[in-house]
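# Structural overview
Next come the chains, spelled out residue by residue.
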Amino acid sequence: HFLAAHPRVSAVHYPGLAGHPQHALVGSEMRGPGGMLSFEVAGTRADAIAVAARLKLFVNATSLGGYESLVEHRQSSEGAGSPTPETLLRLSVGLEHADDLIADLDQALAG
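We now turn to the structure provided with this report. The shown structure was predicted, so the numbers you read here are calculated from the model rather than taken from an experiment. (Residues numbered from 1 in each chain as written. Predicted model: local features only at pLDDT ≥ 70, side-chain atom pairs only at ≥ 80, totals over all residues. Heavy atoms only, no water.)

Attention shifts here to helix H5 (residues 98-110). Side chains three or four residues apart in an α-helix point the same way, a direct result of the helix having 3.6 residues per turn. Between its first and last C-alpha, H5 extends 18 Å over 13 residues, near the 18 Å set by a 1.5 Å rise per residue. Buried residues along H5 sit in contact with helix H1 (2-5), strand S1 (9-13), strand S2 (36-41), helix H3 (45-54) and strand S5 (88-92). After H5 finishes, the residue Gly111 shows a positive phi value of roughly 80 degrees. (Helix = DSSP H or I, 4+ residues; strand = E, 2+ residues; numbered from the N terminus. Expected span 1.5 Å × (residues − 1). Contact = heavy atoms within 4.5 Å.)

This is the structure in structure tokens:
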């Protein structure tokens, strides 16, 4: 909800949000929407990479995660010809307190 309301975020891709196209499916087939989500930074590829670089609690890594929260600029991982939006960051949320993760995202998006 924090990311969806942030002025520097142009889109949030998370089935836990009521507006997501598969939101109802999550309720019928899963115990919950899970800890994976992605969002698009308003701006350019460089803006998205800068946001990821400013994060302090999220580890910059390509993985489905472990106990720590991770961030990844997906297009950089996929390479040339990637269909992923250039401003998309993928998050895997770990065990850190939600308030700490939100504060970290807030400071990173503030620039």
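With that settled, the discussion passes to the side chain of Asp104. Within the element layout of this structure, Asp104 appears in helix H5. Buried charged residue Asp104 carries no salt bridge. Nearest counter-charge: Lys56, at 6.2 Å. Of the polar contacts made by the side chain of Asp104, one reaches the side chain of Gln107; its length is 2.8 Å. If we ignore the near neighbours within four places in the chain, the residues touching Asp104 are Arg54, Leu55, Lys56, Leu57 and Phe58. (Buried < 20%, exposed > 50% of the residue type's maximum accessible area, 1.4 Å probe, protein only. Lys, Arg positive; Asp, Glu negative; His and termini not counted. Salt bridge = Lys/Arg side-chain N within 4 Å of Asp/Glu carboxyl O. Polar contact = N/O pair within 3.5 Å; in protein donor to acceptor, adjacent residues only side chain to side chain.)

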